[in-house]
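Tertiary structure, described
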Amino acid sequence: MQNKRRRMGPRPSSIEDPSICIKFSLFFLNVLFWLAAILILGVGVYMMVENRDAHQNYLSHLEFDPGVVLVFLGAALFVITFLGCLGALRENTCMLCFYAIIVGFLLLAEMVCGALAFAYREKVQEGIEDKLSAAIVFYRDPNKPDLQLLIETTQTEFKCCGINSYEDWGSNIYFNCSSPGAEACGVPRTCCKTEEDRVNSQCGYGVGRMDSFEREERIYTTGCLTTVVDWFKNNLITIGIVSFSILLLQLITIWLATTLRGQVSDIKRTFNTSNRR
């Protein structure tokens, strides 16, 4: 009876076990991305909770809310990396297969999107301009404080103003020259060149009525889209290295998952064959 009892507890390691190196490399890689996913998801949820009243009023414009983007991105990354962690730890062939398929699909989608974006870059730029134009219209909307913060941060960090130029702010009701307010024909203070000027909330007032020399002295006149495109052109090598590193990391995780799955499947097949004998 004692010999027939099933021994409880972990099975001792043997030469037939899957590679520990492959198993835990896959596990710890996914743990790092899983933690990043939790951080992204937490920030997104916090932003949405802070603006929960606003979300009830503008469900048709959720694409302009950075919090929504972060929630979807964090949730997707959380599910995928959790699947990879659990699949590696439990040596579950179904999870590992599903994980490899998802990562492979994402890798293929990234390559296709990159190729299409390059081939149709003019149309892509036009689409981005349309979205940014709508974002400028919604600037200072009380239901979209995150959008306002995003625009102001972009203008401050990239030292730019508007989309293609400062004149794009004329589409906003507060800065349009026909506006009855004091900010008519003006721009947000984040367009101003110096920190001292930005402290003064009126530094962007009436710049549309100034001569070009005085305007150039006070604000940035180049648009943010133009500035960002120039930044990409000036940093193509760095962007290429980062993009290649991300693709290589995805290929490594796919290889680790498929290799570990193959090893586990071989062990199961060998075990089943030996039991039949």
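Provided above is the structure to which this section pertains.
Here we summarise the structure given alongside this text.

1. Some remarks on helix H6 (residues 145-158)
- Compared with the 20 Å implied by 1.5 Å per residue over 14 residues, the 20 Å span of H6 between its first and last C-alpha is a close match.
- Among the residues of H6, Asp146, Leu147, Ile151 and Gln155 are the ones counted as buried. On an axial view of H6, the arc spanned by its buried residues comes to 165°, and they lie on one face. Exposed and facing more than 90 degrees away from the buried side of H6 are Leu149 and Glu157.
- A positive phi of about 55° marks Lys159, the residue just after H6.

2. Quick look at the packing of H6 against helix H9 (residues 224-234)
- Here H6 crosses H9 at 55°, and the two axes come no closer than 10 Å. With respect to their mutual orientation, H6 and H9 come out oblique. In this structure, H6 crosses over H9, and the sense of that crossing is left-handed. Of the residues in H9, those touching H6 at Thr154, Gln155 and Phe158 are Cys224, Thr227, Val228 and Trp231.

3. Describing the layout of surface pockets
- Of the pockets and cavities examined, the largest pocket occupies roughly 830 Å³.
- Taken together, 21 residues line the largest pocket, and the ones lying closest to its centre are Gly114, Ala117, Phe118, Arg121 and Phe232.
- Element by element, the count of residues in the lining of the largest pocket is highest for helix H10 (residues 236-276), at six residues.
- Among the residues forming the lining of the largest pocket, the class breakdown is 13 nonpolar, four polar and four charged.

4. Observations concerning the side chain of Ser179
- Note that Ser179 resides in the loop between H6 and helix H7 (195-199).
- At 3.3 Å, the side chain of Ser179 and the backbone nitrogen of Gly181 are in polar contact.
- The residues touching Ser179, leaving out its near neighbours within four places in the chain, are Ile173, Tyr174 and Ala184.

5. Things to note about the side chain of Gln250
- Along the chain, the position of Gln250 falls in helix H10.
- Setting aside residues up to four positions removed in sequence, Gln250 forms contacts with Val103, Leu106, Leu107 and Glu110.

6. Some words on the packing of aromatic side chains
- Inspection of the entire model under this criterion finds nine aromatic pairs.
- The interplanar angle of 0° and the centroid separation of 6.2 Å between the aromatic rings of Phe78 and Phe82 together place this pair among those described as stacked. Of this pair, Phe78 and Phe82 both sit in helix H3 (residues 66-90), four residues apart, which is roughly one turn of that helix.
- These aromatic residues form a ring-pair network of at least three members: Phe24, Phe27 and Phe28.
- The ring of Phe118 is capped by Arg121, whose NZ or CZ atom sits 4.6 Å from the centre of that ring.
- Across from the ring centre of Tyr174, 5.5 Å away, lies the NZ or CZ of Arg140, which sits over that ring.

Criteria and thresholds
- Residues numbered from 1 in each chain as written.
- Predicted model: local features only at pLDDT ≥ 70, side-chain atom pairs only at ≥ 80, totals over all residues.
- Heavy atoms only, no water.
- Helix = DSSP H or I, 4+ residues; strand = E, 2+ residues; numbered from the N terminus.
- Expected span 1.5 Å × (residues − 1).
- Buried < 20%, exposed > 50% of the residue type's maximum accessible area, 1.4 Å probe, protein only.
- Arc of directions from axis to C-beta.
- Axes fitted to C-alpha atoms, helices over the stretch in contact; angles between N-to-C directions.
- Parallel < 35°, antiparallel > 145°, perpendicular 65-115°, else oblique.
- Left-handed = near helix turned anticlockwise from the far one by under 90°.
- Contact = heavy atoms within 4.5 Å.
- 1 Å grid on protein atoms, 1.4 Å probe; cavity = no way out; pocket = protein on both sides within 12 Å on 5 of 7 lines; lining within 4 Å.
- Points joined across faces, edges and corners; volume = space filled by probe spheres on them.
- Nonpolar A, V, L, I, M, F, W, Y, C, P; charged D, E, K, R; others polar.
- Polar contact = N/O pair within 3.5 Å; in protein donor to acceptor, adjacent residues only side chain to side chain.
- Phe/Tyr/Trp six-rings, centres within 6.5 Å; stacked < 30°, edge-to-face > 60°.
- Lys NZ or Arg CZ within 6 Å of the ring centre and 35° of its normal.

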